[in-house]
Amino acid sequence: MAFSPSAPSPSTTQPQSQPLLPHKLDTIRSMDELKQIQAAILKTPSLQSPPVLAKILSFRALSSPQHIAHARSLLAHIDNPSLLLYNTVFRSLSRSTRSSVSASIMLYEDMLQKDLRPDSFTFPYLLKLFANSRALQAGEALHAAAIKTGLHANVYVRNNLMSLYAVCGKVRAVQKLFDGFPERDLVSWTTLISGYTKAGLAKEAVKVFEEMTSEKNLRADGVAMVAVLSACAELGDLELGRNLHRYIGAREVDMDVFVGNALVDMYSKCGDVDSAHQLFNKMPVRNVVSWNSIISGLVDNREFKQALELFRRMQGEGIEPDAFTLVGMLNSCASLGALELGQWVHAYISKNGVEADGITGNALVDMYAKCGRIDRAMEVFGRMAHKDVVTYTSMIVGLAMHGRGEEALELFAVMSSAGVKPNEVTFVGVLSACSHAGLVDVGLRHFESMSAAHGLAPQIEHYGCVVDMLGRAGRLDEAQDLISSMPMEPDAFVWGSLLGACRNHGDVALGETAAKRLLDVEPQEEGAYVLMSNLYAAGNRRSDGLRMRKAMRANKVRKTPGCSLIEIDGVIHEFRKGEELHPQAKEVYAMVDEFARRLHIDSPPDEARHHSERLAVALGLIGTRPGTPLRIVKNLRVCRDCHSVIKSVSRLYNREIVLRDRYRFHRFKDGRCSCNEFW
DNA sequence: TTAGGGTTAG
């Protein structure tokens, strides 16, 4: 307003300032203002030019049904509106992802009423609008109309039809349209490729790309590259991905930010997170999607600390995180057990008006559950308006992980009565709830109901859960029978569960079988050797135990490097064996020394060789802050030495220590974990 | 005035 101190207030802005109207249109702030300007325009036919009307009609709020109705009445008052004007309205509606389909159809019918016939622009706009809402039926009706007018042969109309069928997952219809006419351009090929990817047929998508580039000798552009890279990411085929990357260089495909992002995503999904990171660092232009791609890539590849560092760097560069970023961060926090950072993300979400619903809400529930705050997880869950299968599943898995099996099963019942259909992952939660609650027969019934009542084929994870459940209950014969009835090769988890059960129940003979099979699938892991030598020791077969240890050395089995993570004042610190190599570990040691100085401990343990000694000191010193339970979180597995340290620190300092493993939380009090398992 | 592209949850 500083530039026009004498400008009238909106309520006095009147039609008399006609020459200013088009300019005024750029600053419309409310529907009231818009209505005033409309009234002015309706009175003055000379102002009814397509650009002016188009501006009014593309006011962003016009995409809601009421406002499209408003546009209809405006058009009804104009003498002989042109097809161009209708097309302009459809264009602006097609640019919003929230335009009402039914209101748009009415507008289209008005147009027909006025004896205006759709042309090769009308159909693409409307088809795009329908595609945005996945309105398949409306799209099919329009397809029929296009055939009637003969415009279905137009390449723009056809490509838009293909695109609509593609987003609706109707890849056969896409292929049919592609095959139906000889005239195809790069857009047709690209739409077909992405149609296959969207339908989960990534191999087909790659085949189409190969046919296009080698047989038809068409040169791919950036958009086509993005489409095929996304198929390649889906396949996780690194070799193919590298070839595609080389193609971009060899054929001089323009490397825009989309292509860069797709490459980053492809490399992370194919497991080559280093290449992804290098590429990201070299990108001349990055947007928020670039950051999201590398962050989620690092999270997927379990590089959580690097993901957090990138998030900080992103903020340092002033890039605003969006919902994708926040979900990526929440996943990272969940895996790290980084509760404080997770809470910070939650606060950020609330402060910035991001809805804690949908995927964001689901990620919050999961984060709180995995960070040991099942109460907060339930709070977020309770407030969510749209609970889908993932929401329920996250909560069920979370409850099971916290040893609250009965509640998990109750929630499963609630979910069913709410009409939300369970999927395979839900059953992993349900079965592990039964396993931890010791409800073996209930679990077996659920397992049977998977295929019988829900049409879900049990996967290897489900067999693993049931073997584990039977094993814990000492029903080793049934566990063994189930394994022999499996339609797929049992994996390490299945054999490991059986072996663990044999150790707990002292069945040496079956344990030997299980250990043999475990070594077949996982020869380089220490688990089978260690469990088996424990089993021999318990059965007073020391010489056999020794034999296992020797075999382990002979086979050059590397002990799994222990990796412990601890959150201290919201900062995650990593402890690994061979700690001198880890700068993070050094930071912690420096902090420990500082604590020691403050507490006048004479000899900070510089000389301590093994990191567990340092950890003990760290825990002990941190434990001197009264009233704070110690939170230990872990990544891969807490090494054996850390176990004993945790136990003894808990006893020594009489502190509660919470430790998370892959399956549940352990609360150590006075050196003992209440669940009495695993450790 | 027209078409095809990248990142998120259990």
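The shown structure was predicted, so the numbers you read here are calculated from the model rather than taken from an experiment.

Q: So, the overall build of chain A: which residues are in play, and what are the values?
A: Tallying secondary structure elements over chain A gives 35 helices and 6 strands in all. By residue count, 48% of the 679 residues in chain A fall in the buried class. In the structure as shown, chain A presents an accessible area of about 33600 Å², 52% of it carried by carbon and sulfur atoms.

Q: Please set out the environment of Phe-427 residue by residue, giving values where relevant.
A: Within the secondary structure, Phe-427 is located in helix H25 (residues 424-437). Measuring from C-alpha to C-alpha, the distance between Phe-427 and Gly-443 comes to 9.7 Å, with 16 residues separating the pair along the chain. Excluding anything up to four places from it in sequence, Phe-427 contacts Phe-412, Pro-422, His-446, Ser-449, Met-450, His-454, Leu-456 and His-462.

Q: Pulling in residues and values, what's your account of helix H21 (residues 358-370)?
A: Compared with an ideal rise of 1.5 Å per residue, which puts 13 residues at 18 Å, H21 spans 18 Å between its outermost C-alpha atoms and is within 8% of the ideal. Across the 13 residues of H21, 10 count as buried, placing the element largely inside the fold. Here H21 has its buried residues at Thr-360, Gly-361, Asn-362, Ala-363, Leu-364, Val-365, Asp-366, Met-367, Tyr-368 and Ala-369. One or two positions beyond H21, positive phi appears at Gly-372, with a value near 85°.

Q: Which residues make up unusual backbone geometry, and what are the values?
A: One non-glycine residue with positive phi stands out, namely Asn-217, at about 55°. Position of Asn-217 relative to the elements: it lies in the loop between helix H12 (202-215) and helix H13 (222-235). A positive phi angle, close to 60°, is found at Arg-302, a residue other than glycine.

Q: So, the protein's contact with DNA strand B: which residues are in play, and what are the values?
A: As a structural note, the neighbourhood of DNA strand B is formed by 50 residues, with Ser-120, Tyr-125, Asn-261, Asn-362 and Asn-423 the closest of them. Of everything in DNA strand B that lies within 4 Å of the protein, sugar and phosphate atoms constitute 38%. In the model, a base nitrogen of DNA strand B is placed 2.7 Å from a nitrogen or oxygen of the Asp-185 side chain. Interatomic distance of 2.8 Å between a side-chain N/O atom of Asn-287 and a base nitrogen of DNA strand B. Across the surface near DNA strand B, the residue classes break down as 20 nonpolar, 19 polar and 11 charged.

Q: Give a detailed account of the UniProt feature "repeat: PPR" (unreviewed entry) in chain A, specifying residues and quantitative values.
A: Summarizing the sequence annotation, UniProt attributes the feature "repeat: PPR" (unreviewed entry) to residues 185-215, 256-286, 287-321, 357-387 and 388-422 in the numbering used throughout. End-to-end, the C-alpha atoms of residues 185-215 are 14 Å apart, and along that stretch the chain is 87% helix and 0% strand. The span residues 287-321 is 74% helical and 0% strand by assignment, and the distance between its end C-alpha atoms comes to 10 Å.

Q: Could you give an account of the side chain of Thr-391, naming the residues involved and the relevant values?
A: Along the chain, Thr-391 falls in helix H23 (residues 389-401). Judged by its relative accessible area of 0%, Thr-391 falls in the buried class. Excluding anything up to four places from it in sequence, Thr-391 contacts Asn-362, Phe-381, Met-384 and His-386.

Q: So what's going on with the packing of aromatic side chains? Residues and values would help.
A: Summed over all chains, the structure comprises 9 aromatic pairs. A centroid spacing of 6.5 Å and a plane angle of 35° characterise the contact between Tyr-86 and Phe-90, whose relative ring orientation is tilted. Taken as a pair, Tyr-86 and Phe-90 lie in helix H5 (residues 83-95) at a separation of 4 residues, close to a single helical turn. Accessibility assignment for this pair places Tyr-86 and Phe-90 in one class, buried. Relative to Phe-427, the ring of Phe-412 has its centre 5.7 Å away and its plane inclined at 70°; by these criteria the two rings are edge-to-face. Taken as a pair, Phe-412 in helix H24 (residues 405-417) and Phe-427 in helix H25 lie far apart in primary sequence, 15 residues in all. Residues Phe-412 and Phe-427 agree in their burial class; the two are buried. Among the aromatic side chains, those forming a connected cluster through ring pairs are Phe-311, Trp-344 and Tyr-348. Sitting over the ring of Phe-178, Arg-184 keeps its end group 4.3 Å from the ring centre.

Q: Provide a residue-level description of the confidence of the model for chain A, including the pertinent values.
A: Confidence in the prediction of chain A, expressed as mean pLDDT, is 80, and 75% of residues score 70 or more. Scored below 50 in pLDDT, residues 1-20 makes 9 contacts in the model with residues more than four places away or belonging to other chains.

Q: Outline the packing of helix H28 (residues 476-485) against helix H29 (residues 492-505), listing residues and values.
A: Helix-helix packing: each pair is described by the crossing angle between the helix axes and the interaxial distance. Orientation of H28 relative to H29, taken along the N-to-C sense of each, is 165°, at an axis distance of 11 Å. On the basis of their axis angle, the class for H28 and H29 is roughly antiparallel. Taken as a pair, H28 and H29 cross one another with a handedness that is left-handed. Counted together, Leu-476, Ala-479 and Ile-483 of H28 and Val-494, Trp-495, Leu-498, Ala-501, Cys-502 and His-505 of H29 form the full contact between these two elements. Looking at side-chain class alone, the contact of H28 with H29 contains 8 nonpolar, 1 polar and no charged residues.

Q: Tell me about the nonpolar core, and please be specific about residues and values.
A: One broad rule of soluble globular proteins: the nonpolar side chains tend to lie buried together. The biggest cluster of nonpolar side chains holds 162 residues, and the ones touching the most others in it are Phe-130, Phe-209, Met-225, Ile-295 and Leu-498. The element best represented in this core is H13, accounting for 8 residues. Excluding anything up to four places from it in sequence, Phe-209 contacts Ile-193, Ala-220, Met-225, Val-228, Leu-244 and Tyr-247.

Q: An account of the pattern of salt bridges is requested, with residue identities and associated values reported.
A: According to the stated counting rule, one finds 17 salt bridges in the structure shown. Note that Arg-117 and Asp-115 form a salt bridge whose closest N and O atoms lie 3.9 Å from each other. Judged by relative accessible area, which is 62%, Asp-115 ranks as exposed. In this structure, the salt-bridge partner of Asp-520 is Arg-517, at a minimum N-O distance of 3.8 Å. Of this pair, Asp-520 and Arg-517 both sit in helix H30 (residues 508-521), separated by 3 residues, roughly a single helical turn. For Arg-517, a relative accessible area of 33% puts it in the partly exposed group.

Q: Please give an account of the environment of Arg-158 that cites residues and values.
A: Inspection of the secondary structure assignment puts Arg-158 in helix H9 (residues 155-167). Judged by its relative accessible area of 0%, Arg-158 is buried. Along the chain, Arg-158 and Gly-180 lie 22 residues apart, while their C-alpha atoms are 9.8 Å from each other. For Arg-158, the residues in contact, after removing those within four places along its chain, are His-152, Ala-153, Leu-177, Phe-181 and Glu-183.

Q: I'd like a description of the packing of helix H11 (residues 186-198) against H12, backed by residues and values.
A: At a closest axis distance of 6 Å, the pairing of H11 and H12 adopts a crossing angle of 160°. The angle between H11 and H12 places the two elements in the roughly antiparallel class. Regarding H11 and H12, the two cross each other, and that crossing is left-handed. When H11 is examined against H12, the residues Leu-186, Trp-189, Leu-192, Ile-193, Tyr-196 and Thr-197 are found in contact with a partner set consisting of Ala-202, Glu-204, Ala-205, Val-208, Phe-209, Glu-211 and Met-212. Here the residues of the contact of H11 with H12 are counted per class, giving 10 nonpolar, 1 polar and 2 charged.

What counts, and at which threshold
Residues numbered from 1 in each chain as written. Chains lettered and ligands numbered in written order. Predicted model: local features only at pLDDT ≥ 70, side-chain atom pairs only at ≥ 80, totals over all residues. Heavy atoms only, no water. Helix = DSSP H or I, 4+ residues; strand = E, 2+ residues; numbered from the N terminus. Buried < 20%, exposed > 50% of the residue type's maximum accessible area, 1.4 Å probe, protein only. Areas by Shrake-Rupley, 256 points an atom, 1.4 Å probe, with all protein chains shown as cover. Contact = heavy atoms within 4.5 Å. Expected span 1.5 Å × (residues − 1). Near = heavy atom within 4 Å. Polar contact = N/O pair within 3.5 Å; in protein donor to acceptor, adjacent residues only side chain to side chain. Nonpolar A, V, L, I, M, F, W, Y, C, P; charged D, E, K, R; others polar. UniProt positions renumbered as here; feature names shortened; annotations may be inferred. Phe/Tyr/Trp six-rings, centres within 6.5 Å; stacked < 30°, edge-to-face > 60°. Lys NZ or Arg CZ within 6 Å of the ring centre and 35° of its normal. pLDDT = per-residue confidence, 0-100. Axes fitted to C-alpha atoms, helices over the stretch in contact; angles between N-to-C directions. Parallel < 35°, antiparallel > 145°, perpendicular 65-115°, else oblique. Left-handed = near helix turned anticlockwise from the far one by under 90°. Core = buried A, V, L, I, M, F, W, Y, C linked by side-chain atoms within 4.5 Å. Salt bridge = Lys/Arg side-chain N within 4 Å of Asp/Glu carboxyl O.

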